[in-house]
Amino acid sequence: MTKKALVVWGGMELHTPERGAHVVRQLLEEEGFAVTVTPDYDALGADDIGSNDLVVPVITDGTLAPEKINALIAAIRAGTGLAGYHMGLATTFRASVAFRYAASVYWVQHPGNIMTYRVDVTRPDHPIMAGIESFEHTSEQYYLNYDPAVEVLATTTFSGEHHAWRKNVVMPVVFTTNHDKGRVFYSSLGHTADELEIPQVRTILKRGLLWAAR
């Protein structure tokens, strides 16, 4: 049976969410998924949300009515996968405690803004990271609050150049976890859709999407 995915985009245009959503669509369609792409946030809480094998919010901030959030969380707990990159998950629906718990991550800062930093692969044995070596990346280096239950696949280390009190802090860049029966994938890479064309970033994202799908 064909797997279904829902990709919902919106929020800050700086993040090029519509273009990014269609990159996600392309990656999934290459693997045979039937993908719906929409700017309608309410789609995430529709009556049939649980029929999707994967949901991908490409959304900065935003709000969703509590009953819609509850429907989304129920679907994830029953097995619908949840995946996001950069702003997606880390900034999506900031005011919702229930969504924060499922997303397992919350963005708080990117000291120095656009800069070059190193992404260190910590789990080369994981299928998402297989064959990918540590690499330099130029973008926002995300400082995150995250759930200690996550399985970290790649990290970055803060130099302290911009916030000296955070020198040598090691921060997840890519992780997986579960929210009840639903798989959750997150990568902080992908400030704009252009970054999703970088081979390592694109490969990590595609594999993560597939890993999270039911």
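Counting restarts for each chain: residues are numbered from 1 in the order of the written sequence. Only residues with pLDDT of at least 70 are given local features in this predicted model, and only at 80 or more are side-chain atom pairs given and counted; all residues enter the totals for whole chains, interfaces and linings. Hydrogens are left out, water is left out, and the side-chain values use all remaining heavy atoms of the structure.

Draft legend 1. The pattern of salt bridges, seen in detail. We count a salt bridge whenever a side-chain nitrogen from Lys or Arg sits within 4 Å of a carboxyl oxygen from Asp or Glu. If you walk through the whole model with that rule in mind, you get 12 salt bridges. Where Glu-29 meets Arg-25, a salt bridge forms, and the shortest distance between an N and an O atom there is 2.8 Å. Here Glu-29 and its partner Arg-25 are both found in helix H1 (residues 17-29), four residues apart, which amounts to about one turn of the helix. Taking the shortest distance from any N to any O, the salt bridge between Asp-61 and Arg-94 comes out at 3.6 Å. Taken together, the residues Asp-61 in the loop between strand E3 (54-59) and helix H2 (66-78) and Arg-94 in the loop between helix H3 (87-90) and helix H4 (97-103) connect sequence positions 33 residues apart. Three exposure classes are used, based on accessible area relative to the maximum for each residue type with a 1.4 Å probe and protein chains only: buried under 20%, partly exposed in between, and exposed over 50%. For Asp-61, a relative accessible area of 33% corresponds to the partly exposed category. Relative accessible area serves as the criterion here: at 28%, Arg-94 is assigned to the partly exposed category. In the salt-bridge network here, residues are joined through shared partners; they are Glu-30, Glu-31 and Lys-206. Strands are runs of DSSP state E lasting at least 2 residues, helices are runs of H or I lasting at least 4, and numbering of each runs from the N terminus.

Draft legend 2. A look at the sheet that holds E3. Strand order in the open sheet formed by nine strands is E2-E1-E3-E4-E11-E10-E9-E6-E7, with mixed pairing between adjacent strands. Either end of the sheet is taken by a strand with one partner, and the two such strands are strand E2 (34-38) and strand E7 (135-140). The mean angle between the axes of side-by-side strands here comes to 20 degrees, regardless of whether they run parallel or antiparallel. Note: strand E6 (residues 114-121) against strand E9 (residues 151-157), two bridges, orientation antiparallel. Bridge assignment links Asp-120 to a residue of E9, and that residue is Thr-155. Working rule for contacts: check all heavy atoms of both residues, and any pair within 4.5 Å makes them a contact. Throughout, an axis means a line fitted to C-alpha atoms (over the contacting stretch in the case of helices), and angles, computed between N-to-C directions, take values from 0 to 180 degrees. Against the sheet, H1 touches strand E1 (4-10), E2, E3 and strand E4 (81-85), its axis set at about 170 degrees to E1. Contacts from helix H5 (residues 199-212) reach E3, E4, E7, strand E10 (170-179) and strand E11 (182-187), with the element oriented near 170 degrees to E11. In this scheme, strands are said to pair when DSSP sees at least two bridges between them.

Draft legend 3. Highlighting the nonpolar core. To qualify as a nonpolar core, a set must consist of buried Ala, Val, Leu, Ile, Met, Phe, Trp, Tyr and Cys residues joined through side-chain atoms within 4.5 Å. Leu-44, Leu-54, Phe-185, Ile-204 and Leu-209 are the most contacted members of the largest nonpolar core, which totals 70 residues. With six residues, the top contributor of residues to this core is H5. Apart from residues no more than four positions distant in its own chain, Leu-209 is found in contact with Val-24, Leu-27, Leu-28, Leu-54, Val-56, Ala-83 and Phe-185.

Draft legend 4. Examining H5 more closely. The first and last C-alpha atoms of H5 sit 20 Å apart over 14 residues, in line with the 20 Å expected at 1.5 Å per residue. By the burial criterion, the buried members of H5 are Val-201, Arg-202, Ile-204, Leu-205, Gly-208, Leu-209, Trp-211 and Ala-212. Structurally, H5 contributes buried residues whose contacts are with H1, E3, E4, E7, E10 and E11. An expected span of 1.5 Å times one less than the residue number is assigned to each helix.

Draft legend 5. A look at the environment of Lys-68. Topologically, Lys-68 is positioned in helix H2. It is 25 Å that separates the C-alpha atoms of Lys-68 and Val-108, two residues lying 40 residues apart in sequence. Excluding anything up to four places from it in sequence, Lys-68 contacts Asp-42, Leu-44 and Gly-45.

Draft legend 6. Quick look at the UniProt feature "domain: ThuA-like" (unreviewed entry) in the protein chain. UniProt positions are given in the numbering used here, feature names are shortened, and annotations may be inferred rather than shown by experiment. The UniProt record annotates "domain: ThuA-like" (unreviewed entry) at residues 4-212. Between the end C-alpha atoms of residues 4-212 the distance is 12 Å, and the span holds 24% helix and 33% strand.

Draft legend 7. Looking closely at unusual backbone geometry. Of note in this structure, Phe-93 is not a glycine but carries a positive phi near 50 degrees. Within the element layout of this structure, Phe-93 appears in the loop between H3 and H4. We classify Phe-93 as buried; its relative accessible area is 2%. The phi angle at Asn-113 is positive, at roughly 60 degrees, despite the residue not being glycine.

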